[in-house]
Amino acid sequence: QVQVVESGGGLVQAGGSLRLSCATSGRTFSSTAMGWFRQAPGKEREPVATITSGGSTYYVNSVKGRFTISRDNAKNTVYLQMNSLNPEDTAVYYCAPAFLPLRLPPRTFASWGQGTQVTVSS
């Protein structure tokens, strides 16, 4: 089972950039699709991007062209490069195994990390 620790969030002005990191443990990382998810205040958690074990990537429409998901299997780490940030991107960002592209894990999934806060000011 993959355990995760997210980092890299912060406060940034609109138009700025951040790079999130997700350090994982577990022997199955290289064969596990991973996703980034976010939860804005008062809203449900939603998928943002997915990367498969083979490196294929998927993005929700609202972040296409601005966000890039990548992985380094040697470091057991997943990244999310976020450019051209806008206030609507403000949320707590989480990473987790991706059971299906751009889908939340099952409701029974209980291994969420603490997340990392991203705040974009206008």
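Reading the values: the criteria
Residues numbered from 1 in each chain as written. Predicted model: local features only at pLDDT ≥ 70, side-chain atom pairs only at ≥ 80, totals over all residues. Heavy atoms only, no water. Helix = DSSP H or I, 4+ residues; strand = E, 2+ residues; numbered from the N terminus. Rg over C-alpha atoms; globule rule 2.2 N^0.38 Å. Buried < 20%, exposed > 50% of the residue type's maximum accessible area, 1.4 Å probe, protein only. Contact = heavy atoms within 4.5 Å. Areas by Shrake-Rupley, 256 points an atom, 1.4 Å probe, with all protein chains shown as cover. Lys, Arg positive; Asp, Glu negative; His and termini not counted. Charge placed at Lys NZ, Arg CZ, Asp CG, Glu CD. Pairing = 2+ DSSP bridges. Axes fitted to C-alpha atoms, helices over the stretch in contact; angles between N-to-C directions. Salt bridge = Lys/Arg side-chain N within 4 Å of Asp/Glu carboxyl O.

Undergrad: Explain the overall build of the protein to me, please; I cannot follow it from the model alone.
TA: A count of helical and extended segments in the protein gives 0 helices and 10 strands. The N-to-C order of helical and strand elements in the protein reads β-β-β-β-β-β-β-β-β-β. Its C-alpha atoms give the protein a radius of gyration of 13 Å, within 12% of the compact-globule value 14 Å for 122 residues. Principal-axis analysis of the C-alpha atoms gives the protein an extent of 40 × 30 × 25 Å. When the 122 residues of the protein are sorted by exposure, 47% land in the buried category. Contacts in the protein between residues far apart in sequence, at least 24 positions, make up 59% of those at least 6 positions apart. Carbon and sulfur atoms make up 48% of the accessible area of the protein, which totals about 6400 Å². Side-chain charges in the protein split into 11 positive and 6 negative, and the spacing between the mean points of these groups amounts to 6 Å.

Undergrad: Can you help me understand the environment of R27 in this one?
TA: By the element assignment, R27 lies in the loop between β3 (18-25) and β4 (34-39). Judged by its relative accessible area of 87%, R27 is exposed. Sequence-wise, R27 and N76 are 49 residues apart; in three dimensions their C-alpha atoms are separated by 9.1 Å.

Undergrad: Any chance you could explain the sheet that holds strand β1 (residues 3-7) here in plain terms?
TA: Pairing between the strands of a sheet comes from backbone hydrogen bonds, and it takes one of two forms, parallel or antiparallel. Read across the sheet, 4 strands follow the order β1-β3-β8-β7 without closing on themselves; strand pairing throughout is antiparallel. Strands with a single pairing partner mark the edges of an open sheet, and in this sheet they are β1 and β7 (67-72). Direction aside, the axes of adjacent strands within the sheet are offset by 15° on average. As defined by bridge partners, β3 adjoins strand β8 (residues 77-82) across 6 bridges and the pair is classed as antiparallel. Along β8, the bridge assignment pairs A23 with T77.

Undergrad: Honestly, the sheet that holds strand β9 (residues 91-97) in this entry has me stumped. Any pointers?
TA: Pairing in this open sheet of 6 strands is mixed, and the strands run β2-β10-β9-β4-β5-β6 from one edge to the other. Looking at strand neighbours, the two that pair on one side only are β2 (10-13) and β6 (57-59), the edges of this open sheet. The sheet shows a mean angle of 25° between the axes of neighbouring strands, taken without regard to direction. For strand β5 (residues 46-51) and β6, the ladder comprises 3 bridges, and the chain directions are antiparallel. From the neighbouring strand, A49 faces β6, where its bridge partner is Y59.

Undergrad: For this particular structure, what's the right way to read the pattern of salt bridges?
TA: Where charged atoms of side chains with opposite charge meet at close range, the side chains can pair. Taken as a whole and assessed by the stated rule, the structure comprises 3 salt bridges. R38 is the partner of D89 in a salt bridge, and the nearest nitrogen-oxygen pair spans 3.0 Å. Of this pair, D89 sits in the loop between β8 and β9 while R38 is found in strand β4, placing the two residues 51 residues apart along the sequence. Like R38, D89 is buried. Ionic pairing is found between D89 and R66, a salt bridge with its closest N-O pair at 2.8 Å. Here D89, found in the loop between β8 and β9, pairs with R66, found in the loop between β6 and β7; they are 23 residues apart in sequence, far enough to count as distant. No difference in accessibility class separates D89 from R66, as the two residues are buried. Several salt bridges share partner residues, and in doing so they unite R38, E46, R66 and D89 into one network.

In short, geometric facts, not functional conclusions.
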